[in-house]
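Inside the fold
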Amino acid sequence: MKKELPYFNIEECRGGCQNWFFDPMMKLGGCAAIAACETCIYLSLYKGIKGLYPFDVQKLNKKDYLRFCKEMKPYLRPRIQGIDTLELFMGGFRGYLDNSEISCISMEGFSGKLPVKHAETAVRRQLDAGLPIPFLLLNHKNRAFRDFVWHWFMVAGYEDSGSGFYVRTITYGKELYLSLSELWDTEYDKKGGMILYSLHPNPLSG
């Protein structure tokens, strides 16, 4: 079984790319702001929620994308330890949503300490509902995931095959399928996790 959400391209990239930033702090640690921005673009495009993206969502381009990330920066600003908890992300993104008068989006954190089977169920539920997932990975013993260490990225698909359950990750302008069980088993005590969205009726939607 395979489920892929529609996503968006900006120029040649799937989504945006952190390497585009001129601001050195955003280039180094802007991944949480990117996850929030890409959530906004996705929900504007595919769920019809107005007021999330301040530019023309039907004409996505690098210039507007970078301007939007700059607007998100005060809410999810890069810092020494990064946005290293689900609570920090939710608090910052909630500030942006409140200031944008968006009340139809709820968030809950799904801890990386929970069993991987529960994570698989949560991924299925979210993606089957057409909702992408911001995913936080902290440290990981497997060097194969070094590009994802201490990093926020988006999950926008899954594939349940005979060889395991894989998630479609989107980051740095590319997409890649990774084993959820391997991604989840970091072998560190401090865990990241996932942000799970839910939508509610909103007079500004549609």
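Below you will find a few notes about this structure. (Residues numbered from 1 in each chain as written. Predicted model: local features only at pLDDT ≥ 70, side-chain atom pairs only at ≥ 80, totals over all residues. Heavy atoms only, no water.)

1. Let's talk about the packing of aromatic side chains
Note the threshold: Pairing of aromatic rings covers Phe, Tyr and Trp, the last through its six-membered ring, and needs centres within 6.5 Å; plane angles under 30 degrees mean stacked, over 60 mean edge-to-face, and all others mean tilted. Helix numbers and strand numbers start at the N terminus; a helix is a DSSP run of H or I with at least 4 residues, a strand a run of E with at least 2. When accessible area is computed with a 1.4 Å probe and restricted to protein chains, residues below 20% of their type maximum are described as buried, those above 50% as exposed, and intermediate ones as partly exposed. Only when the NZ atom of a Lys or the CZ atom of an Arg is both within 6 Å of the ring centre and within 35 degrees of the ring normal do we say a charge sits over the ring.
Under the defined criterion, the tally for this structure stands at 17 aromatic pairs. Relative to Tyr46, the ring of Tyr42 has its centre 4.9 Å away and its plane inclined at 55 degrees; by these criteria the two rings are tilted. With a gap of 4 residues between them, Tyr42 and Tyr46 both fall in helix α2 (residues 31-47), about one helical turn apart. Note on Tyr46: relative accessible area 32%, which makes it partly exposed. Taken together, the ring pairs in this structure connect Tyr53, Phe55, Phe68, Tyr75, Phe89, Phe93, Tyr96, Trp152 and Tyr197 into an aromatic cluster. Above the plane of the ring of Tyr188 lies Lys141, whose end atom (NZ or CZ) is 5.1 Å from the centre.

2. Remarks on the nonpolar core
Selection criterion: To form a nonpolar core, buried Ala, Val, Leu, Ile, Met, Phe, Trp, Tyr and Cys residues must be joined to one another through side-chain atoms within 4.5 Å. A contact between two residues is defined here by any heavy atoms of the two lying within 4.5 Å.
Met72, Phe89, Phe93, Trp152 and Met194 are the most contacted members of the largest nonpolar core, which has 73 residues in total. Looking at this core, the element that brings in the most residues is α2, giving 11 residues. Discounting residues that sit within four places of it in the chain, Phe89 has contacts with Ala32, Ala35, Ala36, Leu76, Ile83, Pro134, Trp152, Ile195 and Tyr197.

3. Section: the pattern of salt bridges
Condition: Should a side-chain nitrogen of Lys or Arg be within 4 Å of a carboxyl oxygen of Asp or Glu, the pair is scored as a salt bridge.
Summed over the entire model, instances satisfying the criterion amount to 10 salt bridges. Put simply, Asp98 and Arg94 hold a salt bridge, and the shortest N to O gap is 3.7 Å. Of the two residues, Asp98 and Arg94 are both situated in helix α4 (residues 86-99); the distance of 4 residues between them amounts to about one turn of the helix. Residue classification places Arg94 among the partly exposed positions, given a relative accessible area of 24%. Across the pair Glu120 and Lys117 runs a salt bridge whose closest N-O atoms are separated by 3.6 Å. Of this pair, Glu120 and Lys117 are both found in helix α5 (residues 116-128), 3 residues apart, which corresponds to roughly one turn of the helix.

4. Comments concerning unusual backbone geometry
Even without glycine at this site, Glu101 takes up a positive phi of about 60 degrees. Relative to the helices and strands, Glu101 is located in the loop between α4 and β4 (105-111). In the Ramachandran plot, Trp150 falls in the positive-phi region, its phi being about 50 degrees despite a non-glycine side chain. You can see Trp150 is positioned in the loop between β5 (133-137) and β6 (151-161). Trp150 gets classed as partly exposed once you look at its relative accessible area, which sits at 30%.

5. Comments concerning α4
Where we set the bar: To estimate how far a helix should reach, multiply one less than its number of residues by 1.5 Å.
In a regular helix each residue adds 1.5 Å, so 14 residues correspond to 20 Å; α4 covers 20 Å between its end C-alpha atoms and thus fits that length. As for α4, its buried residues are in contact with α2, α3 (62-72), β4, β5, β6 and β9 (193-199). Two residues or fewer past α4, Glu101 is found with a positive phi of approximately 60 degrees.

6. Some details on the pairing of β6
Rule in force here: Two strands form a pair only when DSSP identifies at least two bridges running between them.
Among the 11 residues in β6, 8 count as buried, and that is most of the element. In this structure, strand β1 (residues 2-4) lies alongside β6, joined through 3 bridges in antiparallel fashion. Of the residues in β6, the one forming a bridge with Lys2 is Glu159. Of the pairings in the sheet, the one linking β5 to β6 comprises 5 bridges and is antiparallel in character. Residue pairing in the sheet places Ile133 in a bridge with Val155 of β6. Where β6 meets strand β7 (residues 164-171), 6 bridges bridge the pair, whose relative direction is antiparallel. Bridge pairing in β7 places Glu159 opposite Tyr166. Linking β6 back to β7 in an antiparallel pair, the connection comprises 2 residues.

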